[in-house]
Amino acid sequence: MTVLLHEDYIVERGDFKNAGKVSSTIKEKLKMIGIDAKILRRISIACYEAEINMLIHAWGGDISMDVSDDGTVRFVFKDPGPGIPDLDDAMTPGYSTASDDAREMGFGAGMGLPNIKKVSDSFDIASSPEGTTITLGFHL
Amino acid sequence: MMESVVAYTLERCVKCMKCIQACPVSAVSMENNRIIVAHERCTNCGRCIDACHSQGLVAQGSTLVDIANYDYTVCLVPPALTSACRSKEEAEDLFNGIKLLGFDEVVDLSPYYGTVLRESLAYQTENRPAIVSMCSVVNRLIKTEYQVLIDHLIPMNYPAEIAARDLRMKLTDKGTVGIFNMCECASRLVHAKYPYGTLDSEIDHALSIADTFPLIRKNLGKGRQKLNLCRDGFAAMDTVMLGEHPRVLAADGYDKVQNILELAEFGRLKEFDVLYLLPCFNGCSGGQLLFGNGYLSHQNIPSLTEKETGCCQDVSQECIWRNSFMAEEDRRSFTEKMEFFRKVNEVLEKLPGYDCSACGMRTCRIMAEEIVSGNRSLSDCHILNSASREDVQ
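Keep in mind it's a predicted model, so treat the numbers as computed, not measured.

### Focus on the overall build of chain A
Assigned secondary structure in chain A consists of five helices and five strands. By principal-axis analysis of the C-alpha atoms, chain A measures approximately 40 × 30 × 25 Å. At a minimum sequence separation of 6, the contacts of chain A that also span at least 24 residues come to 63%. When the accessible surface of chain A is totalled, it reaches about 6,900 Å², and 51% of it is carbon and sulfur. If the 14 positive side-chain charges of chain A are averaged to one point and the 22 negative ones to another, these points end up 7 Å apart.

### Let's talk about the packing of aromatic side chains
All names here are of chain B. Within the structure shown, the criterion is met by seven aromatic pairs over all chains. Ring centres 5.3 Å apart and planes at 70° place the aromatic pair phenylalanine 103 and phenylalanine 180 in the edge-to-face group. Of this pair, phenylalanine 103 sits in the loop between α4 (88-99) and β6 (105-108) while phenylalanine 180 sits in strand β8 (residues 177-183), and the two are 77 residues apart along the sequence. For the pair phenylalanine 103 and phenylalanine 180, a shared accessibility class is recorded, and that class is buried.

### Notes on the pattern of salt bridges
Following the criterion strictly, the structure yields 26 salt bridges over all chains and no others. Between B:Arg86 and B:Glu90 there is a salt bridge, and its shortest N-O distance comes to 3.2 Å. Taking relative accessible area as the criterion, B:Arg86 reaches 60% and is therefore assigned exposed. On the basis of relative accessible area, B:Glu90 is assigned to the partly exposed category, the value being 30%. Note that B:Arg165 and B:Glu161 form a salt bridge whose closest N and O atoms lie 3.1 Å from each other. On the criterion of helical spacing, the pair formed by B:Arg165 and B:Glu161 is a turn pair, its members being four residues apart in helix α7 (residues 159-170). Residues participating in the shared-partner salt-bridge network are A:Lys27, A:Lys31, B:Glu262 and B:Glu265.

### Describing the interface of chain B and chain A
Taken together, the contact between chain B and chain A spans 19 residues of the former and 26 residues of the latter. Of all residues in chain B, the largest losses of buried area upon contact with chain A belong to B:Phe266, B:Phe334 and B:Phe341, amounting jointly to 36% of the total for that side. Between the two partners, chain B and chain A, sit four salt bridges. The interface formed by chain B and chain A contains nine residue pairs in polar contact (both at pLDDT 80 or more). For the side of chain B that touches chain A, the elements supplying multiple residues, two or more each, are α12 (254-265) and α15 (334-350) of chain B. Considering every element that reaches the side of chain B that touches chain A, the biggest residue donor is α15(B), with four residues. A per-class count over the side of chain B that touches chain A returns seven nonpolar, three polar and nine charged.

### As for the packing of helix α1 (residues 21-33) of chain A against helix α2 (residues 37-56) of chain A
Residue and element names in this part refer to chain A. Contact pair α1 / α2: the axes reach a minimum separation of 8 Å and the direction vectors enclose 160°. By the criterion of interaxial angle, the relationship of α1 to α2 is roughly antiparallel. Crossing handedness for the pair α1 and α2: right-handed. Where α1 abuts α2, its residues Lys21, Val22, Ser23, Ile26, Lys27, Leu30 and Lys31 lie against Leu40, Ile43, Ser44, Cys47, Tyr48 and Glu51. Taken together, the residues that form the contact of α1 with α2 break down as seven nonpolar, two polar and four charged.

### Comments concerning the pairing of strand β3 (residues 72-78) of chain A
All names here are of chain A. In terms of residue burial, β3 counts as a mostly covered element, since five of its seven residues are buried. Here six bridges tie strand β2 (residues 61-68) to β3, and the two strands are oriented antiparallel to one another. Bridge assignment links isoleucine 63 to a residue of β3, and that residue is phenylalanine 77. Counting the residues that bridge the hairpin from β2 to β3 gives three residues, and of these glycine 71 lies at a positive phi of roughly 80°.

### Things to note about the confidence of the model for chain B
Here chain B shows a mean pLDDT of 93. Residues at 70 or above account for 98%. Listed scores for the predicted complex are pTM 0.90 and ipTM 0.86.

### Here we look at the side chain of B:Ser29
You can see B:Ser29 is positioned in strand β2 (residues 28-31). A relative accessible area of 13% places B:Ser29 in the buried class.

### Things to note about α4(B)
All names here are of chain B. Compared with the 16 Å implied by 1.5 Å per residue over 12 residues, the 17 Å span of α4 between its first and last C-alpha is a close match. Of all 12 residues that make up α4, nine are buried, and the element is covered over most of its length. Buried within α4 we find Lys88, Ala91, Glu92, Asp93, Leu94, Phe95, Asn96, Gly97 and Ile98. Elements that come into contact with the buried residues of α4 comprise β5 (72-77), α3 (79-82), β6, β8, α9 (209-217) and α13 (294-305).

### Describing the side chain of B:Thr115
Take B:Thr115: it is sitting in helix α5 (residues 110-122). Sequence-distant contacts of B:Thr115, defined by excluding residues within four places in its chain, comprise B:Cys312, B:Gln313, B:Val315 and B:Ile320.

The rules behind the values
- Residues numbered from 1 in each chain as written.
- Chains lettered and ligands numbered in written order.
- Predicted model: local features only at pLDDT ≥ 70, side-chain atom pairs only at ≥ 80, totals over all residues.
- Heavy atoms only, no water.
- Helix = DSSP H or I, 4+ residues; strand = E, 2+ residues; numbered from the N terminus.
- Contact = heavy atoms within 4.5 Å.
- Areas by Shrake-Rupley, 256 points an atom, 1.4 Å probe, with all protein chains shown as cover.
- Lys, Arg positive; Asp, Glu negative; His and termini not counted.
- Charge placed at Lys NZ, Arg CZ, Asp CG, Glu CD.
- Phe/Tyr/Trp six-rings, centres within 6.5 Å; stacked < 30°, edge-to-face > 60°.
- Buried < 20%, exposed > 50% of the residue type's maximum accessible area, 1.4 Å probe, protein only.
- Salt bridge = Lys/Arg side-chain N within 4 Å of Asp/Glu carboxyl O.
- Buried area = accessible area lost by both parts, 1.4 Å probe.
- Polar contact = N/O pair within 3.5 Å; in protein donor to acceptor, adjacent residues only side chain to side chain.
- Nonpolar A, V, L, I, M, F, W, Y, C, P; charged D, E, K, R; others polar.
- Axes fitted to C-alpha atoms, helices over the stretch in contact; angles between N-to-C directions.
- Parallel < 35°, antiparallel > 145°, perpendicular 65-115°, else oblique.
- Left-handed = near helix turned anticlockwise from the far one by under 90°.
- Pairing = 2+ DSSP bridges.
- pLDDT = per-residue confidence, 0-100.
- Expected span 1.5 Å × (residues − 1).

As structure tokens, then:
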């Protein structure tokens with residue numbers, strides 16, 4: 001398996017003004033390639049949710065995308081903390097720890113992680129106080 | 001495939017490239033000193049026409065000569081045109097003036113726009129938010145650039161088309177009936193048998209308001225045609241009035257429409273039932289073939305509809321609904337897609353990246369795609385050429 005396209009993006013801490021910018025860039029890239037709309041819909045939703053999570057719950061983070069020749073795309077969302085105290089809680093639909101500020105901006109309905117898992121073909125999450133890493137896979 | 005309405009006159013073109021840069025979907029390019037519009041990309045938004053200062057690009061409708069070809073003729077008048085009138089009296093005068101051009105009947109479209117509003121609010125779908133397909137520019141944009149949202153489009157005919165179908169059924173005893181549509185923007189011109197050949201349309205001729213209005217003006221002040229306008233019909237093409245509905249999100253202006261489509265693609269905006277997207281500023285009242293100012297027209301609507309009792313037109317279901325929208329499929333394999341993408345990026349590295357359009361393409365990326373497709377070569381880039389000339393010196 002060879003990686004045909006590798007991209008790295010940074011989500012700046014507290015940069016709400018640019019919320020969703022990275023997801024937009026990813027979406028644009030995949031549109032340029034000509035990815036099927038049904039898969040693109042799922043990728044867009046997952047990336048957007050994960051990017052917003054980094055903004056409201058973590059101190060920013062890094063996003064990477066790898067498109068491989070076997071027709072898969074892999075995303076890694078890596079943030080520097082503070083980590084998710086209880087992963088089972090976080091994976092429960094409707095459970096939210098978002099701040100009032102974030103909720104006022106329309107984020108934090110408690111559907112982020114469950115949604116991401118639902119729309120992706122593979123989902124992996126690891127969290128400690130040093131940070132959270134989410135790895136997503138999609139078949140193109 | 002839908003035609004592009006943009007007509008080009010080489011003699012008038014001053015090669016300023018403004019149209020190329022104005023096109024939001026990179027459909028306009030220049031080859032051998034001629035402007036070329038790619039029909040498969042063009043959404044008929046008319047921004048290139050607006051950008052053209054030399055009348056090199058225009059959108060043309062049918063002419064009134066065709067009235068003579070029918071036993072009975074009907075002219076459809078959209079609320080966008082009516083809203084340019086400051087009072088109801090003025091509107092009634094305008095309708096009479098249009099009739100005097102030689103029509104047997106002039107029909108106000110506001111009740112049909114009202115029907116579209118009513119039906120869209122009642123539309124049930126799993127794909128929330130539903131997107132109203134009233135404007136063909138939005139439909140084309142979704143088909144070409146936002147395919148993720150294609151099943152969000154409500155499969156409804158355009159208001160003028162609904163009216164034409166309805167009238168066609170009602171006027172069967174009138175001999176050959178010719179239906180003419182007064183168009184407020186370039187995109188509407190396409191939806192008629194003439195001049196652009198949309199054969200499945202029940203509208204026979206599309207007329208440009210900009211071209212027809214000088215003739216109508218001569219007939220003003222000669223009488224009145226009684227009107228009963230439908231307020232909902234005006235609301236259906238005005239973002240401010242649409243905003244009164246709590247579960248409707250309305251946006252006007254091409255950029256804002258694109259913003260909203262972006263968000264919808266991320267699965268946001270599910271709290272809204274319906275999106276009304278009007279790419280012209282001020283909605284349809286801002287159509288580029290109108291003579292008025294969209295802001296002024298918007299202000300006219302309350303006084304025009306204040307005392308009106310007109311309500312939505314009841315039309316049969318078959319007039320309203322159309323087949324679902326379908327995306328054009330990309331038949332290339334994944335490997336082919338990736339290979340093309342890689343080559344384009346490789347070429348893009350060599351191009352200067354100024355997006356200056358001097359080569360005739362809107363952006364360096366579009367140029368790179370053309371080079372990889374074999375339609376252009378690197379030597380067509382003016383910046384690279386001048387740089388290599390300096391090297392030689």
